[in-house]
Amino acid sequence: GSGWIPVAFAEDNRVEPCGCQGDLRKQQRIASASIPKRYSHCTLETFREKSTVLKSAKRRVQEFVDVWPHVKDGKGLLMMGSCGVGKTHLAVAALLEIIHNGKPGRVLFSNFQDLIQEIQASFDADHATTKSEIMRPILEADLLVLDELGSQKPTQFVQDILYYVINTRYNEERTTIFTTNYSDRSADAKEETLEQRIGTRLRSRLAEMAERIEFSGASDHRRSTI
């Protein structure tokens, strides 16, 4: 159970790492990535390609994983599409593929709405975790999945936090995979665009930080299972 085994026939009682250490390191990296239980099965292999759009999205994520960590200028991905089309599945799959392939880097999953609520809770005097402690892993991860970008109502507080996160990672050229239900164009005047949700400055930075992957026309797989 120590993770080490004696070298056969060695006279100096030398030991070598047990093969189980590799599995243990993978488990530790997965745990530290904070991937929600619901998405723990999400790999590229389990992604259902029901249309040309989904096949193309999967292929682009596979290409991203293949070149990691040698991503030019830290450029990530921006997955844009309606609910239930598989954006989060593919984003998590990228993290898990990197871990399972033994590729380097600190990887982390964060849901933006959960992050905002956790920061707001930290203002409570009795809360043990400070805002800076919550933010540090988000800012320093080599690869961050920021899920549900724009989902939180764009108050000034939300805008400030979002700008801090994205601008810091932009300046440090840290790679980010974003998912959002908002697009750059809206067919319905009542629906907001991504730029309206996060602001012009941040949408401009995202254009340089991430390659856009659109899931236009893909259907909600959750509804298709009902």
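Look a little higher up for the structure.
Below, the structure is looked at part by part.

Reading the values: the criteria
Residues numbered from 1 in each chain as written. Predicted model: local features only at pLDDT ≥ 70, side-chain atom pairs only at ≥ 80, totals over all residues. Heavy atoms only, no water. Core = buried A, V, L, I, M, F, W, Y, C linked by side-chain atoms within 4.5 Å. Buried < 20%, exposed > 50% of the residue type's maximum accessible area, 1.4 Å probe, protein only. Helix = DSSP H or I, 4+ residues; strand = E, 2+ residues; numbered from the N terminus. Contact = heavy atoms within 4.5 Å. Pairing = 2+ DSSP bridges. Axes fitted to C-alpha atoms, helices over the stretch in contact; angles between N-to-C directions.

Some words on the nonpolar core
Grouped together as the largest cluster of nonpolar side chains are 32 residues, with contacts concentrated most on I35, V61, M79, L90, L143, I177 and F215. Residue assignment for this core shows that the elements contributing at least two residues are helix 2 (52-67), strand 3 (76-80), helix 3 (87-100), strand 4 (107-111) and strand 5 (143-147). The dominant element in this core, judged by the number of residues it contributes, is helix 3, at 9 residues. Each residue touching L90, except ones within four places of it in the same chain, is listed here: L44, F47, A57, K58, V61, M79 and F215.

With respect to the pairing of strand 3
In terms of residue burial, strand 3 counts as a mostly covered element, since 5 of its 5 residues are buried. The pairing of strand 3 with strand 7 (residues 210-214) spans 5 bridges and is parallel. Residue pairing for strand 7: M79 is matched across the bridge by I213. Both strand 3 and strand 6 (residues 175-180) contribute to a ladder of 4 bridges, which runs parallel. Residue pairing for strand 6: M79 is matched across the bridge by T179.

Considerations on the sheet that holds strand 6
Read from one edge of the open sheet, 5 strands run 4-5-6-3-7, paired in parallel fashion. The sheet is open, and its two borders are formed by strand 4 and strand 7, each paired with just one other strand. When the angles between neighbouring strand axes are averaged without regard to direction, this sheet yields 15°. Across the sheet, helix 3 is in contact with strand 3, strand 4, strand 5 and strand 6; its angle to strand 4 comes to roughly 160°.

Focus on unusual backbone geometry
Cis geometry is found at the peptide bond from W68 to P69, where omega equals 5°. Unlike most non-glycine residues, S34 shows phi in positive territory, near 60°. Turning to its location among the elements, S34 is positioned in the loop between helix 1 (20-32) and helix 2. Of the residues examined, S34 reaches a relative accessible area of 42% and is grouped as partly exposed. Of note in the backbone geometry, E148 takes a positive phi value of approximately 60° without being a glycine. In this structure, E148 sits in the loop between strand 5 and helix 6 (156-172). The class for E148 is partly exposed, based on a relative accessible area of 25%.

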